[in-house]
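Coordinates in review
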Amino acid sequence: MYVRAMHWLWPSLAWSRHSLTHRSDFTPRALQRRGVITMLRVKIRWVAGMDQGQKAEPRLNALPREAIDWFVGPLGRFLRIEAAGGVVLLLSAILAFALSNSALAERFLAFWDTPLGVRAGAIVFERSLRGWINDGLMTLFFFVVALELKRELVLGELREPRVAALSIAAAAGGMLVPAGIYLASQFGRPGEHGWGTVMATDTAFVIGCLALLGRNAPQRLRIFLLSLAVVDDIGAILVVAAGYSGTLDWTALTAGGAGIAAVRGLALLGVRTVPVYIVAGSLIWIAIDASGIHPTVAGVVLGLLTPTRGWVSDRRLRAILQRVLAYPPGDHWSGDTADRRVLRSAGKAAQETLSPVERLGMALHPWVAFGVMPLFALANAGVPLSIDGLAEPLALTVMIGLVLGKPVGVVGFAWLAVRSGMAVRPKTLGWGMLAGGGILAGIGFTMALLIAELAFQGGQLQAAKLGILAASVISAATGLAFLALLGRHGRTPVLVSGG
């Protein structure tokens, strides 16, 4: 407090500094004669009063609260919980499954086939409601996935090559082994084309399962599975682009490529207006859709192009905020004045300190987790339950690929990567925990259903969906039980040697 008092007092002493040239001029009596001690006491009392006033009103350091905040605050905290998205997704899937096996089944399933679009003469731009969700809204989902991958690669766990190699190898094994099992079983059969169905892992469900485990799921396992699921999702969308796209229209594809180059050029020029990128992204989506490639690829490409560096540095932000604090208190922030321009500059600087990857991720995550994903589940998880359907070879193949192939592929390829020296396994991530994570990776759901919609029709689609749902339930239950058992005994069994 005394230091603050001298900070405020020093300008007041400027008028007399030239006269305080002798040591005797600094004695208490000399300072008293000059009124300096009186001024110091006044300043100290004033500063002390400021401190007491700040302590008496601690809420001044936060934004004012309104009545609506009592509802919005807890809701906002709920929406920021990653596991909550998994809960909402699960409830949506259960609701879709229940309705598709009720008296309302016919109307419920027919609702998602309702055509929606634009017709102008010979031009028809139309899809079913399910198609708009799977091709349109899911583009937003893949955009957020690509943002998360870009953030992890540049700022997160995956920026360390050997640490990243563990997740990448595990994800590769979790895709290749199930696909191999599927092809070995369905080779030469009508369902052969659906090999991509068993390659994906549902990020939201996996994170939700880890949240249910609480302390039994270490943070390192959560990071590993999140990284694996992100890489897995990118691999799945590449599978969609390569294996489930139509005949290529090179003119439309060239237009899409030109749009992507234009977006990159806008970023290099320093354009930061979000609506400009929304318009550009929409045109790119239309071009890629017309090219024959699945339009969700546009979301992945645009997400990977998003910058990871903030426009305003921390040092510059502090300097701008100092300019705001330099103005005296009072209601003088209105009108086209210099102080108002400084205030608006501070608001923009505070926003632009965060990188676009982080800012867009935080803004879009609630919409994807609590809007896009539940809608996708409602539109795609509805399948009539049939015991005979579960016994279909296609359904059994999908179940084996996800329930057995996923953990074998994840653990096997991770072990090979560690043994070869290509990757490093953190000491806090035992092989037992990694195996439990591999079991949870068998929860395919979202991407598995999306690929199934592209690969199958009719009875094959129903059988594939039953296999996906059954495999997701079995993988979740088995993985949770296995990891809970490990956590209860406080040990990690050595499933394979080495590493």
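Residues numbered from 1 in each chain as written. Predicted model: local features only at pLDDT ≥ 70, side-chain atom pairs only at ≥ 80, totals over all residues. Heavy atoms only, no water.

Turning our eyes to something else, we now look at the packing of aromatic side chains. Going through the model one piece at a time under the given rule, you end up with seven aromatic pairs. Considering the side-chain rings of Phe141 and Phe142, the 5.0 Å spacing of their centres and the 70° angle between planes classify their relative orientation as edge-to-face. For the pair formed by Phe141 and Phe142, the shared burial category is buried. An aromatic cluster is present here, built from Phe108, Phe111 and Trp112 joined pairwise through their rings. For the cation-ring pair, Arg127 lies above Trp132, with the distance from its terminal atom to the ring centre recorded as 5.4 Å. The lysine or arginine in question, Arg272, covers the ring of Trp311, its NZ or CZ lying 3.3 Å from the ring centre. (Phe/Tyr/Trp six-rings, centres within 6.5 Å; stacked < 30°, edge-to-face > 60°. Buried < 20%, exposed > 50% of the residue type's maximum accessible area, 1.4 Å probe, protein only. Lys NZ or Arg CZ within 6 Å of the ring centre and 35° of its normal.)

Taken together, the side chains of Val118, Phe125, Val279, Leu283 and Ile286 present a nonpolar region at the surface, about 440 Å² in accessible area. Considering the arrangement of structural elements, one finds Val118 in strand 1 (residues 115-120). The class of Val118 is exposed, set by a relative accessible area of 53%. (Patch = residues over 30% accessible without salt bridge, like charges linked within 9 Å, V, L, I, M, F, W, Y side chains within 5 Å. Areas by Shrake-Rupley, 256 points an atom, 1.4 Å probe, with all protein chains shown as cover. Salt bridge = Lys/Arg side-chain N within 4 Å of Asp/Glu carboxyl O. Helix = DSSP H or I, 4+ residues; strand = E, 2+ residues; numbered from the N terminus.)

In this sheet, strand 2 (residues 123-128) lies alongside strand 1 in antiparallel orientation, the contact comprising six bridges. In the strand pairing of strand 2, Pro115 is matched with Ser128. Here strand 1 folds back onto strand 2 in antiparallel fashion, the turn holding two residues, of which Gly121 has a positive phi close to 65°. (Pairing = 2+ DSSP bridges.)

So, about the environment of Ala350. If you trace the backbone, Ala350 turns up in helix 15 (residues 338-352). By relative accessible area, Ala350 is classed as partly exposed at 45%. Counting along the chain gives 33 residues from Ala350 to Leu317, while the straight-line C-alpha distance between them is 6.7 Å.

This paragraph deals with the pattern of salt bridges. Within the structure shown, the criterion is met by seven salt bridges. For the salt bridge of Lys406 with Asp232, the shortest nitrogen-to-oxygen distance reads 2.8 Å. Of this pair, Lys406 sits in helix 18 (residues 393-419) while Asp232 sits in helix 10 (residues 219-243), and the two are 174 residues apart along the sequence. Neither residue differs from the other here; Lys406 and Asp232 are each classed as buried. In this structure, the salt-bridge partner of Lys465 is Glu453, at a minimum N-O distance of 2.9 Å. Of this pair, Lys465 sits in helix 21 (residues 458-489) while Glu453 sits in helix 20 (residues 445-455), and the two are twelve residues apart along the sequence. Salt bridges linked by common partners bring Asp113, Arg130, Glu453 and Lys465 together as one network.

Here the focus is the confidence of the model for the protein chain. Mean pLDDT over the protein chain stands at 78; residues scoring 70 or higher make up 77%. When mean pLDDT is taken per element in the protein chain, helix 18 scores highest with 94 and helix 1 (residues 2-13) scores lowest with 44. Low pLDDT, under 50, characterises residues 1-56; the stretch is placed with 37 contacts to residues that sit more than four places away or in other chains. Across residues 491-499 the pLDDT falls below 50, and counting only partners more than four positions away or on other chains, this stretch makes 22 contacts in the model. (pLDDT = per-residue confidence, 0-100. Contact = heavy atoms within 4.5 Å.)

Before going further, it helps to spend a moment on the packing of helix 7 (residues 129-154) against helix 20. Describing two packed helices takes the angle between their axes plus the distance from one axis to the other. The contact between helix 7 and helix 20 brings their axes to 12 Å, and the two run at 140°. Taken as axis vectors, helix 7 and helix 20 run oblique relative to one another. Remark: the crossing between helix 7 and helix 20 carries left-handed chirality. Together, Arg130, Asn134, Met138 and Phe142 of helix 7 and Thr446, Met447, Leu450 and Glu453 of helix 20 make up the contact between the two elements. (Axes fitted to C-alpha atoms, helices over the stretch in contact; angles between N-to-C directions. Parallel < 35°, antiparallel > 145°, perpendicular 65-115°, else oblique. Left-handed = near helix turned anticlockwise from the far one by under 90°.)

Right, let's talk about the side chain of Arg127 for a bit. Note that Arg127 resides in strand 2. Using a relative accessible area of 15% as the deciding quantity, one classes Arg127 as buried. Within the structure, the side chain of Arg127 is placed 2.9 Å from the side chain of Asp135, a separation counted as a polar contact. A distance of 2.6 Å separates a polar atom in the side chain of Arg127 from a polar atom in the side chain of Asp289. Not counting chain neighbours up to four residues away, the residues in contact with Arg127 comprise Thr114, Pro115, Leu116, Trp132, Asp135, Trp285, Asp289 and Pro295. (Polar contact = N/O pair within 3.5 Å; in protein donor to acceptor, adjacent residues only side chain to side chain.)

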